[in-house]
Amino acid sequence: QVQLVESGGGLVQPGGSLRLSCVASGFTFSTYAMSWYRQAPGKERELVGVISNGSYQRNYADSVKGRFTISRDNAKNTVYLQMNSLKPEDTAVYYCARSRTIISRIESWGQGTQVTVSS
C-alpha cells in the first residue's frame, strides 16, 4: 500500500545537473522523514541525504554536501533531490526511502532510478 516512485534519472555529462523526484502515496506523507540513498556497482547502499517532515532539518553525506539539495513539497506528496556539479562517482541507482524520523530505521523503499555521469 505504501508506494514510493522515483523518476528523473538519466545520463548526464560531468558537471551537469539532474533533478530526481519521488512521489509518495498510501500514508500521511507530511508526518514522515524522507531520505535519498544510492548504490553504485560493487558498493553498499549509502545515505545521500535526509529531510525532516517539515523541512527544518536536512543532512547530507560529505561527498555531496554543497552540490546536492533535498527538498519536499508536502502538498504534492513529493520529495526532490537536486543534483548539481555531477561527478562520475555519483553514478548509482538512487532510491527514495521513508522513516519515522531522521534517525529512525528505513521502513519503505522506492524502486530506484538510474543516474549515470559519463563523458
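Report on the accompanying structure. None of the values given here were measured: they were computed from a predicted structure.

### Topic: the side chain of Ser52
Working step 1: In this fold, Ser52 is placed in the loop between strand E5 (46-51) and strand E6 (58-60).
Working step 2: Ser52 sits in the buried class, given a relative accessible area of 8%.
Working step 3: Among the polar contacts made by the side chain of Ser52, one reaches the main-chain amide nitrogen of Tyr56 at a distance of 3.1 Å.

### Here's the deal with the nonpolar core
Working step 1: Counting residues in each nonpolar core, the largest one holds 27 residues, and the members touching the most others are Trp36, Phe68, Val79, Leu81, Met83 and Tyr94.
Working step 2: Secondary-structure elements contributing two or more residues to this core are strand E3 (18-25), strand E4 (33-39), E5, strand E7 (68-73), strand E8 (78-83), strand E9 (92-99) and strand E11 (113-117).
Working step 3: Here the element with the most residues in this core is E3; it accounts for 4 residues.
Working step 4: Leave out the neighbours within four places in its chain, and Phe68 touches Arg38, Val48, Tyr60, Leu81, Gln82, Met83, Asn84, Leu86, Asp90 and Tyr94.

### Some thoughts on the environment of Gln114
Working step 1: By the element assignment, Gln114 lies in strand E11.
Working step 2: Using a relative accessible area of 40% as the deciding quantity, one classes Gln114 as partly exposed.
Working step 3: As for Gln114 and Thr91, which are separated by 23 residues in sequence, their C-alpha atoms are 7.8 Å apart.
Working step 4: Aside from chain neighbours lying at most four places away, what touches Gln114 is Gly9, Gly10, Thr91, Ala92 and Val93.
Working step 5: In this structure the side chain of Gln114 is engaged in a polar contact, spanning 3.3 Å, whose partner is the side chain of Thr116.

### Brief notes about the pairing of E5
Working step 1: Pairing between E4 and E5: 5 bridges, direction antiparallel. Across the sheet, the residue bridging to Ser35 is Val50, located in E5.
Working step 2: Hairpin connection, E4 to E5: the antiparallel pair is bridged by 6 residues, and Gly42 has positive phi, about 80 degrees.
Working step 3: One ladder, built from 3 bridges, connects E5 with E6; its direction is antiparallel. Within E6, the residue paired with Ile51 across the bridge is Arg58.
Working step 4: Between E5 and E6, which follow one another and run antiparallel, lie 6 residues, and Ser55 among them has a positive phi close to 70 degrees.

### Describing the environment of Ser35
Working step 1: Along the chain, Ser35 turns up in strand E4.
Working step 2: The class of Ser35 is buried, set by a relative accessible area of 2%.
Working step 3: Along the sequence, Ser35 and Ala75 sit 40 residues apart, while their C-alpha atoms lie 18 Å from each other.
Working step 4: Each residue touching Ser35, except ones within four places of it in the same chain, is listed here: Leu47, Gly49, Val50, Tyr95, Cys96, Ala97 and Ile106.

Conventions used here
Residues numbered from 1 in each chain as written. Predicted model: local features only at pLDDT ≥ 70, side-chain atom pairs only at ≥ 80, totals over all residues. Heavy atoms only, no water. Helix = DSSP H or I, 4+ residues; strand = E, 2+ residues; numbered from the N terminus. Buried < 20%, exposed > 50% of the residue type's maximum accessible area, 1.4 Å probe, protein only. Polar contact = N/O pair within 3.5 Å; in protein donor to acceptor, adjacent residues only side chain to side chain. Core = buried A, V, L, I, M, F, W, Y, C linked by side-chain atoms within 4.5 Å. Contact = heavy atoms within 4.5 Å. Pairing = 2+ DSSP bridges.

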